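The lines below spell out each chain.
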Amino acid sequence: MKKNYLIILTLILIISVFTGCTNNLYSSKVTADSVNTQSKPSEQTKPVDNSVSENTAADSTASESSASQNTQDAQASDTKEIDVIDYAKVKPNESGQIMVVMFHNFVDTYPKGNNEYTTTFSEFEKLLPELYEKNYRPVSLSDMLNNNINVPAGCIPIVFTFDDGTSGQFNLIEQGGKLVVNPKSAVGIMEEFNKKHPDFGLEGTFYVNLGVKTFTGAGNMADRLNYLIGKGFEIGNHTKTHVSLPQVKTSQKMLEEVGGNQVLMNEIVPGYSFNTFSLPFGNASKNLKEYVIHGNYGGLEYKHSAIVLVGANPAPSPVSSKFDPMALPRVRSTGQKKVECDLAWWLDALKKGSSQYISDGNPNTVTVPKDKQKNVDMSKMKGKQLVTY
Ligand SMILES: [Zn+2]
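Residues numbered from 1 in each chain as written. Predicted model: local features only at pLDDT ≥ 70, side-chain atom pairs only at ≥ 80, totals over all residues.

A word on the overall build of the protein chain. When you go through the protein chain residue by residue, the secondary structure sums to 10 helices and 19 strands. Here the protein chain holds 389 residues, and 41% of them are scored as buried. (Helix = DSSP H or I, 4+ residues; strand = E, 2+ residues; numbered from the N terminus. Buried ≥ 20, exposed ≤ 12 C-beta atoms within 10 Å, placed from the backbone.)

What follows is the structure, given as structure tokens:
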């Protein structure tokens with residue numbers, strides 16, 4: 001880890017200073033009519049090479065279409081105007097790593113004891129503008145898994161996850177006979193920040209244990225979960241009672257814990273299926289792992305497309321050959337004390353030009369520097385076009 005840090009620091013010295021994710025990063029604008037919209041990206045499209053000197057782009061018409069040195073394939077036929085980014089300034093690297101942050105407890109002030117998984121409301125209020133200033137933009141975990149990352153050029157996607165359904169993360173209060181979000185909760189703080197900065201997005205996944213108290217406060221469970229879903233948040237599976245999976249010895253008990261949580265979810269919010277699973281305590285099952293991934297309990301099928309870990313590293317890009325949705329590492333939020341590999345540590349360590357994911361601003365293309373193309377697994381493109389520069 002220390003060695004990596006030194007390499008990153010050295011890289012920072014070498015690379016030029018990044019200028020931020022604003023519109024001035026666009027070198028020019030071209031209309032959809034002037035670029036080739038004939039060849040739609042398919043599952044296995046050829047990479048588009050955008051280099052000035054050796055333009056071997058799949059579409060020869062694209063290279064003739066504009067005086068601009070860089071032309072992207074236009075997938076969206078309804079897009080009248082396409083932004084062409086200045087690769088030298090933006091330095092997009094969509095094969096870079098993405099931080100999936102793991103939050104647990106949120107409190108007013110730290111109680112005595114171990115507070116390594118606890119964040120104060122005031123720290124969270126400071127964290128959001130800090131991330132915003134550093135060009136981080138939250139995306140949903142589903143969008144990351146689907147390689148559907150849509151943040152402006154030069155911005156860095158980040159995923160928020162919240163484990164255990166604590167009331168500090170979210171709870172409802174009664175106000176004037178109505179149920180509203182408690183402004184002193186992570187969701188309340190995110191909503192407030194989102195009002196001022198709608199481009200920051202309101203994204204996150206809440207891993208709940210519906211067999212135990214969840215988001216304690218006003219309203220019932222349907223009010224609480226429907227509120228979050230209505231705001232666009234995702235709800236994920238964290239077992240029914242927060243059991244440590246290695247201690248589960250039978251498939252029946254595993255089904256009760258994993259499938260049983262889905263059954264409860266279905267009773268509270270009919271038709272809602274958990275898409276992803278978070279390992280309680282970060283402990284994986286040794287012998288019954290398949291029941292964590294999929295199963296049938298009480299006549300109800302469940303299937304998870306990702307398992308998130310209690311890890312210490314940023315996750316690989318969804319197009320990286322290293323990307324494994326069934327073991328997705330997460331970066332822990334910073335607690336009372338900063339520790340190595342927590343969020344604050346990684347915010348310092350991950351800089352532009354290193355292994356960080358930097359967006360090209362176009363969700364239909366995956367743009368990587370030529371020397372990073374080897375990191376891309378073309379079978380993970382999900383229909384997006386590869387662009388190299
Ligand atoms: Zn947990």
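To continue, consider the packing of helix α4 (residues 121-133) against helix α6 (residues 186-196). Running from N to C, α4 and α6 point in directions that differ by 30°, and their axes come no closer than 10 Å. Comparing the axis directions of α4 and α6 gives the class roughly parallel. α4 and α6 meet at a crossing whose hand is right-handed. Between α4 and α6, the contacting residues are Phe121, Phe124, Glu125 and Leu128 on the first element and Ala186, Ile189, Met190 and Phe193 on the second. Of the residues belonging to the contact of α4 with α6, the class tally is seven nonpolar, no polar and one charged. (Axes fitted to C-alpha atoms, helices over the stretch in contact; angles between N-to-C directions. Parallel < 35°, antiparallel > 145°, perpendicular 65-115°, else oblique. Left-handed = near helix turned anticlockwise from the far one by under 90°. Contact = placed C-beta atoms within 7 Å. Nonpolar A, V, L, I, M, F, W, Y, C, P; charged D, E, K, R; others polar.)

Bringing helix α8 (residues 251-268) into the picture now. Taking 1.5 Å of rise per residue, 18 residues should cover 26 Å, and α8 covers 25 Å from first to last C-alpha, within 8% of that figure. Taking the largest bend as the criterion, α8 deviates by roughly 35°, centred on glycine 259. Within the sequence span of α8, burial applies to Met254, Leu255, Glu256, Glu257, Val258, Gly259, Gly260, Asn261, Gln262 and Met265. (Expected span 1.5 Å × (residues − 1). Bend = angle between axes of the 7 residues up to and from the residue.)

Let us look at the nonpolar core. In this structure, Ile98, Val100, Val101, Ile158, Val159 and Ala186 are the most contacted members of the largest nonpolar core, which totals 76 residues. Three or more residues apiece are contributed to this core by two domains, here domain 1 (39-90 + 360-388) and domain 2 (99-349). With sequence-adjacent residues up to four places away left out, isoleucine 158 is seen in contact with Ile98, Met99, Val101, Leu131, Tyr136, Arg137 and Pro138. (Core = buried A, V, L, I, M, F, W, Y, C linked by C-beta atoms within 7 Å. Domains from an automatic or database assignment.)

The subject of this paragraph is the confidence of the model for the protein chain. On average, residues of the protein chain score 83 in pLDDT, and 78% of them are at 70 or above. Contacts of residues 8-46 to residues separated by more than four positions or lying in other chains number 84 contacts, the stretch itself having pLDDT below 50. In the predicted structure, residues 51-82 sits below a pLDDT of 50 and forms 75 contacts with residues beyond four places in sequence or in another chain. (pLDDT = per-residue confidence, 0-100.)

Burial runs high along strand β4 (residues 99-103): five of the five residues are buried. Burial along β4 is two-sided: Met99, Val101 and Phe103 facing one way and Val100 and Met102 facing the other are all buried. As defined by bridge partners, β4 adjoins strand β8 (residues 156-163) across five bridges and the pair is classed as parallel. Along β8, the bridge assignment pairs valine 100 with valine 159. Alignment of β4 against strand β17 (residues 331-332), held across two bridges, turns out to be parallel. From the neighbouring strand, valine 101 faces β17, where its bridge partner is valine 331. (Pairing = 2+ DSSP bridges.)

So, about the pairing of strand β10 (residues 178-181). Relative to β10, strand β9 (residues 172-175) runs antiparallel, the two being bridged by four bridges. Bridging across to β10, leucine 172 finds its partner in valine 181. The hairpin turn running from β9 into β10, its antiparallel successor, is two residues long, and glycine 176 in that turn takes a positive phi close to 60°.

Structurally, the position occupied by glutamate 174 is in strand β9. We classify glutamate 174 as exposed; it has 11 C-beta atoms within 10 Å. In this structure the C-alpha to C-alpha distance between glutamate 174 and alanine 218, which are 44 residues apart in sequence, comes to 6.5 Å. Ignoring sequence-local partners within four residues, the contact set of glutamate 174 consists of Leu179 and Ala218.

What follows concerns the environment of lysine 289. Along the chain, lysine 289 falls in helix α9 (residues 289-293). Separated by 43 residues in sequence, lysine 289 and proline 246 place their C-alpha atoms 9.7 Å apart.

Taking 1.5 Å of rise per residue, 13 residues should cover 18 Å, and α4 covers 19 Å from first to last C-alpha, within 8% of that figure. All buried positions along α4 are accounted for by Leu127, Leu128 and Leu131. Considered in projection along α4, the buried side chains sweep an arc of 100° and stay on one side of the axis. Counted as exposed and oriented over 90 degrees from the buried face of α4: Ser122, Lys126, Glu130 and Glu133. Residues of α4 that are buried sit in contact with β7 (136-138), β8 and α6. Positive phi shows up at asparagine 135, right after α4, with a value of about 70°. (Arc of directions from axis to C-beta.)

Further remarks concern the environment of valine 90. Here valine 90 shows up in helix α3 (residues 87-90). Valine 90 sits 270 residues away from aspartate 360 along the chain, and the two C-alpha atoms are 7.4 Å apart.

The next subject is unusual backbone geometry. The residue histidine 242 is not glycine, and still its phi comes out positive at about 60°. Within the fold, histidine 242 resides in the loop between β12 (234-237) and α8.

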